[in-house]
Amino acid sequence: MQTSPFIMESHPRPLANTNPSQRRHIPHGSSRSMATTLVATLALVAMTSLVATVSAVHNPEDTVLFIRTQSLYPPYIDHEMSNRWFDFGGDTIINTNRYVRLTPEMQGRKGWLRSKTALYAESWSVEFEYKIHGKATHLAGDGMAFWYTEDKIDKVGTVLGGPETWKGLSIVFDTYDNGRHGYSYPYVAALYNDGTKTYNKDTDGKELELGGCQADIRNKDYATRARIRFVKGKYLKVELNTKGWDDWTTCFQVSDVKLFDMGFMSFTGETGGLADNHDIISVSTNQILKDDSKLTHTNPDQKDHFNSSFMKGGESKGPSYFFIVMVIGLLAAIVFFGGRAMGISAFGGQSQRDFKHF
């Protein structure tokens, strides 16, 4: 009788015996079970690493509560050409699924976007994606601003589209230097007004500034974002994402900023003799219930803005984008090659069943 290389023997042979007709074979069920277990274990490890990575990137060191009434995502308007949570006016243009354009790239335009209801929170964070872009390569203008004010902003003004006098906080993204300062533009700064002062456009509101930094925020090929965090009794912090996906850098952080527990959130934009498109893409607002981050603030009286943490590059928190891609790639490779190994094992098992002799 002709023998097959797939012969199961009842008595094991010494390892030195190399006769293929006398080799011992592991049962197909055991090998397939081992392969399945190995693939499942590696996949579990990869998935655990991926979940931990994503959690580290997206979970800050505090406890937050998402506020839908203060957040904005596409589609921005409904069939009645309105938004449930936000109002807009001036020269603002809305592309339903792409952007809220505070100003088009045309001279002498002003527009605003404002939440309809007040933000009730002692501590909060607002993260928004925006895009400032235009044909100009050097000089551009004028800029846009985020506002947290005691009263609603429902008309345009001369402070990047906002009011000259206000009570509260403004974060300006100024792209044109009116005051001929000792640093280059664009410039991001926090301006605080107690309601009694008037913005001086000739100095770009320098008298009201709490802190600021130079920032390359125009004509980016990727999404640019800003994160404003106010923790009552601790600090006001502004972070910018202008270097790539989830690469955050601290622009400035200051302490002893006093804000009210109820205010209205707004965005404004303005163009003058120079023009840019000023777009808001999305807004995500959270109430900070517990803050565990450590306070390290920039001196608000610091004059040398070239030495700010933003210009030094700062520190990026959390794993990088490439690490996440690497983990996802590892998981895909495990599934692919593991699947192939199981397929080969199954084929081999079928051959054993077809050619076994007892």
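Rules used throughout
- Residues numbered from 1 in each chain as written.
- Predicted model: local features only at pLDDT ≥ 70, side-chain atom pairs only at ≥ 80, totals over all residues.
- Heavy atoms only, no water.
- Helix = DSSP H or I, 4+ residues; strand = E, 2+ residues; numbered from the N terminus.
- Buried < 20%, exposed > 50% of the residue type's maximum accessible area, 1.4 Å probe, protein only.
- Contact = heavy atoms within 4.5 Å.
- Disulfide = S-S within 2.5 Å.
- Polar contact = N/O pair within 3.5 Å; in protein donor to acceptor, adjacent residues only side chain to side chain.
- Pairing = 2+ DSSP bridges.
- Phe/Tyr/Trp six-rings, centres within 6.5 Å; stacked < 30°, edge-to-face > 60°.
- Lys NZ or Arg CZ within 6 Å of the ring centre and 35° of its normal.

Participant: Mind showing me how you'd approach the overall build of the chain here?
Facilitator: A count of helical and extended segments in the chain gives three helices and 16 strands. With 358 residues in all, the chain has 44% of them scored as buried. For the chain, long-range pairs separated by at least 24 residues make up 70% of all intrachain contacts whose partners lie at least 6 apart in sequence.

Participant: Sorry, what's going on with the state of the cysteines here?
Facilitator: Disulfide: a covalent bond connecting the sulfur atoms of a pair of cysteines. The tally for this structure, following the rule as stated, stands at one disulfide. Here C213 pairs with C251 through a disulfide, and the sulfurs are 2.0 Å apart. Given an S-S torsion of about -115°, the disulfide between C213 and C251 has left-handed geometry. One end of the pair, C213, is in strand β11 (residues 209-214); the other, C251, is in strand β14 (residues 249-254), with 38 residues separating them in the sequence. Of the two residues, C213 and C251, both sit in the buried class.

Participant: Help me out: how do you make sense of the side chain of T268 in this one?
Facilitator: Along the chain, the position of T268 falls in strand β15 (residues 262-270). A polar atom in the side chain of T268 sits 2.8 Å from the backbone oxygen of L160. Not counting chain neighbours up to four residues away, the residues in contact with T268 comprise L102, G111, W112, M144, A145, W147, I153, V159, L160, G161 and G162.

Participant: When you look at the pairing of strand β7 (residues 124-133) in this model, what are you seeing that I'm missing?
Facilitator: A regular strand places its side chains so that they alternate between the two faces of the sheet. Counting buried residues in β7 gives seven out of ten residues, a clear majority hidden from the surface. Bridge count between β7 and strand β12 (residues 224-231): seven bridges; the pairing is antiparallel. The residue of β12 that forms the bridge with S125 is R229. Across ten bridges, the pairing between β7 and strand β16 (residues 277-291) is antiparallel. Bridge pairing in β16 links E129 to S282.

Participant: So what exactly am I meant to see when it comes to the pairing of β11 here?
Facilitator: Counting buried positions along β11 yields six of six residues, so the element is predominantly enclosed. Strand direction decides the pairing type here: strand β10 (residues 187-194) and β11, joined by five bridges, are antiparallel. Residue pairing across strands places A189 opposite G212, the latter belonging to β11.

Participant: Looking at this model, I keep getting lost on the packing of aromatic side chains. Mind explaining?
Facilitator: In this description, an aromatic ring pair is defined by two values, namely the gap between the centres and the angle between the planes. For the structure on display, the rule yields 14 aromatic pairs. Through pairs of rings, three or more aromatic residues link up here, namely W124, F128, Y130, F146, Y148, F173, F230, F260 and F267. Directly above the ring of Y99 sits R101, whose terminal nitrogen or CZ lies 4.0 Å from the centroid. Above the face of the W248 ring, R227 is positioned so that its terminal group lies 3.9 Å from the ring centre.

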